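Survey of secondary and tertiary structure
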Amino acid sequence: MACALVVAAFQGRAQNAPPEKPKVTRILFLLDASGSMMAPWEGKPRWEVAKRLLAKMADSLNAYPNLELGLRVYGHQHPNAEQNCEDSRLEVPFAPKNAAAIKARLKTLKAQGNTPITYSLEQSAKDFPQDKASRNVLLLITDGVESCKGDPCAASLALQRKHIFLKPFVIGIGAEKDFGKALECLGKYYNAAEVKTFQTVLNDVIAQTLAKTTVAVNLTDEAGRPVESNVNMTFVNNVTGQPEYNYVHYRDAQGKADVVDIDALQSYDLIINTVPAVRQANLAIRAGKANVLTFKTPQGLLHLQPPAVTPNPYGATVQAVVHPAANPGAGLALPFGSRQKLLAGTYEVEMLTLPRTVQRVSVYQGQTATVSYAAPGTLNITSDLKGFGSLYKLNDDESQTWIYNLPETSSRVNLAMQPGAYRLVFRTATSNGSKFTDVRNFTIRSAQTTSLSIFGR
């Protein structure tokens, strides 16, 4: 009994419930120490300014709980003349409260070499501990672009897709605006052309990384009133394509949408799983803020009601394919007897009767639209002949439309069919000419049986 209780408690946990232990956030500073970092920047070398402000930042983070820092540097071990494209090293591994170690190491380093950004990104994958529960953040500080013919954008994307780190921050220092075009594909890019801007950007990045971010989603009717709810919402990481959060929308007794936590260091598409689904790409989520997102999702009800005939000659439940009138490819299969919420709009309901019938229906906010098919009749072919034959529906303009092939092993069939005028075309397998084709017109009436006999020649 105790075991059963434990299992039940485990199964009852919400998928998105916060873990018992807070997540560890790890920030890896990836610092450019290439020769160009010795260029002057408002009276001092860029390298000295970057080291000073980075040391100050590490100091300010030292007291944060559940936070670990690491430092990787590139371009500092070999002079630029050597053009070394593997000049990258983890100088300070991740550890809690290690600001002193970072500051001490920064004092001993010098800027002199190449700019192997791609290689450094790939090597950073080994720097983060294999802890799937942690938030891994990479902050690249550089004054130049890749100099080793690598593709840092592809490397960054590949590592994000492997969940090595979240979308990186990239700070371009002492740079012109055009400099960022080559690096903005790595992650969230900041242009810090001035020393003051660099310090502001550093503070902003850390605030985004550590601040709490929430989202409330209002689902409204046509008039903009937030009355819709109980819909599954999927927040999809639009870099990896994988769902990060699944929530069933909730509104409290006062009509307020639930507020949920979200990691602002990722970018999302939101799929509101109405029928059809509503998708919003690249959600505008402000880090460290209480975000409120509003989407128009008015819904009505479609009732697929079978005809009142007992027994129903179709036997098993008839299926229907429902799709928006403007998008036939977005079909939903439903059995008759079901009720389905749909976004307000115009739909075509294709009923898989014999023959198939199509009905256009409008679904309105808060209302029920009912669709049914005519009570079927029955076609009974009593002959037991092998042959080749088909059934056709006779149209009002005297044309015919194929609807069914008779089985070649025997013409004997018992078919439930919609009321209307039809034609049977049949030739026995033993007849020796097309002229022996038998053509019969017949009528099907609701809840009645029409019998036909076919004679061989």
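Notes on the structure follow. (Residues numbered from 1 in each chain as written. Predicted model: local features only at pLDDT ≥ 70, side-chain atom pairs only at ≥ 80, totals over all residues. Heavy atoms only, no water.)

1. Topic: the state of the cysteines
Taken as a whole and assessed by the stated rule, the structure comprises two disulfides. A sulfur-sulfur distance of 2.2 Å marks the disulfide that ties C85 to C148. The chirality of the disulfide connecting C85 with C148 is left-handed, given an S-S dihedral of about -95 degrees. With C85 in the loop between strand 4 (67-74) and strand 5 (88-96) and C148 in the loop between strand 6 (135-142) and helix 5 (152-161), the pair connects residues that are 63 residues apart, well separated along the chain. Assessed through its relative accessible area of 32%, C85 is described here as partly exposed. Here C153 connects covalently by a disulfide to C185, the sulfurs 1.6 Å from one another. One end of the pair, C153, is in helix 5; the other, C185, is in the loop between strand 7 (169-173) and strand 8 (188-192), with 32 residues separating them in the sequence. The exposure class assigned to C153 is buried, which follows from its relative accessible area of 18%. Once the disulfide-bonded cysteines of the protein are ranked by sequence position, their pairing pattern turns out to be 1-2, 3-4. (Disulfide = S-S within 2.5 Å. Helix = DSSP H or I, 4+ residues; strand = E, 2+ residues; numbered from the N terminus. Buried < 20%, exposed > 50% of the residue type's maximum accessible area, 1.4 Å probe, protein only.)

2. Overview of the sheet that holds strand 24 (residues 387-394)
Strands belonging to one sheet form pairs held by backbone hydrogen bonds; the direction of such a pair is parallel or antiparallel. In space, the four strands of this open sheet follow the order 25-24-27-28, with antiparallel pairing throughout. Looking at which strands have only one partner, the edges of the open sheet turn out to be strand 25 (400-405) and strand 28 (438-444). Averaged over all neighbouring strand pairs, the angle between strand axes comes to 30 degrees, with direction disregarded. Across five bridges, the pairing between strand 24 and strand 25 is antiparallel. The partner of L391 across the bridge, within strand 25, is Y404. (Pairing = 2+ DSSP bridges. Axes fitted to C-alpha atoms, helices over the stretch in contact; angles between N-to-C directions.)

3. Observations regarding the sheet that holds strand 26 (residues 413-417)
Read from one edge of the open sheet, three strands run 26-23-29, paired in mixed fashion. Each edge of the sheet is formed by a strand with only one pairing partner; in this case those strands are strand 26 and strand 29 (449-452). When the angles between neighbouring strand axes are averaged without regard to direction, this sheet yields 20 degrees.

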